[in-house]
Amino acid sequence: MTWEHPHLLWLLLLVVSMPILSYYLTKHYRKKLLNFFSEELLQKLTNKPWETGYRTKQILLYLGLALLVIGMSGPKIGSEIREVKRQGTDLLIALDVSRGMAAEDIRPNRLEKAKFEIRSLVNRLKGDRVGLLLFTDTAFLQSPLTTDYAAFNMYLDLASTDQFPTQGTDFRPVLREAREVFRNSGDQSGNAARVLLFFSDGEDHSPGFDQELQSLVNDGVFIYTVGIGTTQGATIPVYDRRTGRLLHYHRDREGRVVTTRLEPENLRKMAQAGRGTFYEIQRTSDRIDGFLSKLDELERSDFGVEMFSDFRNRYQIPVAAGLILILLSTITPAYKPAGITTK
């Protein structure tokens, strides 16, 4: 048993004090009357008390008030099973935050353009769960699958190329992490469409990711990829974090300025294996609006069915009982009419 407004239970102290206060007030009032009337005369002028009726009336009144207080406090007794359903798709977005995503061949840079497209996409979702994976040569779940799009956008805003200590790119960890996220997503039916949307410039320094890709595909995950950048490539600027002033361009170990290019083959391969589509963003005006229509075509299910037990509010019972008792109290006589004889 629990209470919706437990602080109101303090009013029971007031109800308990009322009969005590009534007793002393009645006694005080009678004492004042005896200053003007004798005991014998006072008994003749007033109705003869009916002891049983009076006590019954008082008990019914105070018990009814106590029940009203209990009802106002919102008692919750027993339990009920509630079911909350949501329809939609589990969409996990993998975002490359390696150093190459700071290249400015797409304005303002590759990462900011990717974040703009993701934010635009998420703001158009209706009931779908969305999560965010960040990766370089490791992967990190920045936002779990959620329908709280405001929270997701907040986590997306925090994504930057400075978030990971290492800056190589390896697709294997992010594919493994995506598989774990989907397996722990809470969709027990396995019927919800699970989609991985992969944003990257396509550069991969791993020896191969075929095994991880196939494991994800075997789990029924649809994979869509977005290649962002130009095939001509661009240098990677390094800015001062405080002032925003350009310091230099990133160089390799031999001191040569690094040029990063869009490498679409890995992304095409990934989308083809995952029964998805490869999108390419080589200009600032390029968009991935077609992805939303693809998302609508996928199988949708009640992935958000939540069964949980909750206490049922039973305030109606004590309130109804309290009102009945108070009504009975008003119609219960406390005195017997006494005849007055005159000489």
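The structure displayed is predicted, hence computed values, not measured ones. (Residues numbered from 1 in each chain as written. Predicted model: local features only at pLDDT ≥ 70, side-chain atom pairs only at ≥ 80, totals over all residues. Heavy atoms only, no water.)

Trainee: Explanation requested: the overall build of the chain in the structure shown.
Mentor: When helices and strands are counted, the chain shows ten helices and 15 strands. Counting all 343 residues of the chain, 40% fall into the buried class. Within the chain, residue pairs in contact and separated by at least 24 positions form 82% of the contacts whose partners lie at least 6 positions apart. In the form shown here, the chain has an accessible surface area of approximately 19,900 Å², with 55% of it arising from carbon and sulfur atoms. (Helix = DSSP H or I, 4+ residues; strand = E, 2+ residues; numbered from the N terminus. Buried < 20%, exposed > 50% of the residue type's maximum accessible area, 1.4 Å probe, protein only. Contact = heavy atoms within 4.5 Å. Areas by Shrake-Rupley, 256 points an atom, 1.4 Å probe, with all protein chains shown as cover.)

Trainee: Please explain the sheet that holds strand β8 (residues 222-228) as it appears in this structure.
Mentor: Neighbouring strands of a sheet are bound in pairs by backbone hydrogen bonds; such pairs are parallel or else antiparallel. The strand order across the open sheet built from six strands is β6-β5-β4-β7-β8-β13, with neighbouring strands paired in mixed fashion. The sheet is open, and its two borders are formed by β6 (139-146) and β13 (278-281), each paired with just one other strand. Ignoring strand direction, the axes of neighbouring strands in this sheet form an average angle of 15°. Across the sheet, helix α6 (residues 171-183) is in contact with β4 (90-96), β5 (129-135), β6 and β7 (194-200); its angle to β7 comes to roughly 155°. (Pairing = 2+ DSSP bridges. Axes fitted to C-alpha atoms, helices over the stretch in contact; angles between N-to-C directions.)

Trainee: What should I look at first to understand the packing of helix α3 (residues 51-72) against helix α10 (residues 316-331) in this one?
Mentor: When two helices pack together, their arrangement is given by the angle between the helix axes and the distance between those axes. Direction vectors running N to C along α3 and α10 enclose 160°, while the axes themselves pass 7 Å from each other. Taken together, the axes of α3 and α10 lie roughly antiparallel to each other. α10 is crossed by α3, and the crossing has left-handed handedness. In this structure, α3 contributes Lys57, Leu60, Leu61, Leu63, Gly64, Leu65, Leu67, Leu68, Ile70, Gly71 and Met72 to the contact, and α10 contributes Pro318, Val319, Ala321, Gly322, Leu323, Leu325, Ile326, Leu328, Ser329 and Thr330. Considering only residue class, the contact of α3 with α10 consists of 15 nonpolar, five polar and one charged. (Parallel < 35°, antiparallel > 145°, perpendicular 65-115°, else oblique. Left-handed = near helix turned anticlockwise from the far one by under 90°. Nonpolar A, V, L, I, M, F, W, Y, C, P; charged D, E, K, R; others polar.)

Trainee: Could you clarify how one ought to interpret unusual backbone geometry in this entry?
Mentor: Glycine aside, residues mostly have negative phi, and peptide bonds are mostly found in the trans state. Of the consecutive residues Arg107 and Pro108, the connecting peptide bond is found in the cis state with omega at -5°. With respect to the helices and strands, the residue Pro108 is situated in the loop between β4 and α4 (110-122). In the Ramachandran plot, Arg275 falls in the positive-phi region, its phi being about 55° despite a non-glycine side chain. Inspection of the secondary structure assignment puts Arg275 in the loop between α8 (264-273) and β13.

Trainee: Which parts of the structure should I look at to understand the pattern of salt bridges?
Mentor: Pairing between side chains of opposite charge can happen when the charged atoms of each approach one another. Scanning the entire structure with this criterion turns up 21 salt bridges. Asp162 serves as the salt-bridge partner of Arg241, at 3.7 Å between the closest nitrogen and oxygen. On the criterion of sequence distance, the pair formed by Arg241 in the loop between β10 (237-239) and β11 (246-249) and Asp162 in the loop between α5 (149-158) and α6 is long-range, its members being 79 residues apart. Residue class for Arg241 comes out exposed when judged on its relative accessible area of 71%. Look at the salt bridges and you will find they share partners, linking Lys113, Glu117, Arg124, Arg287 and Asp289 into a network. (Salt bridge = Lys/Arg side-chain N within 4 Å of Asp/Glu carboxyl O.)

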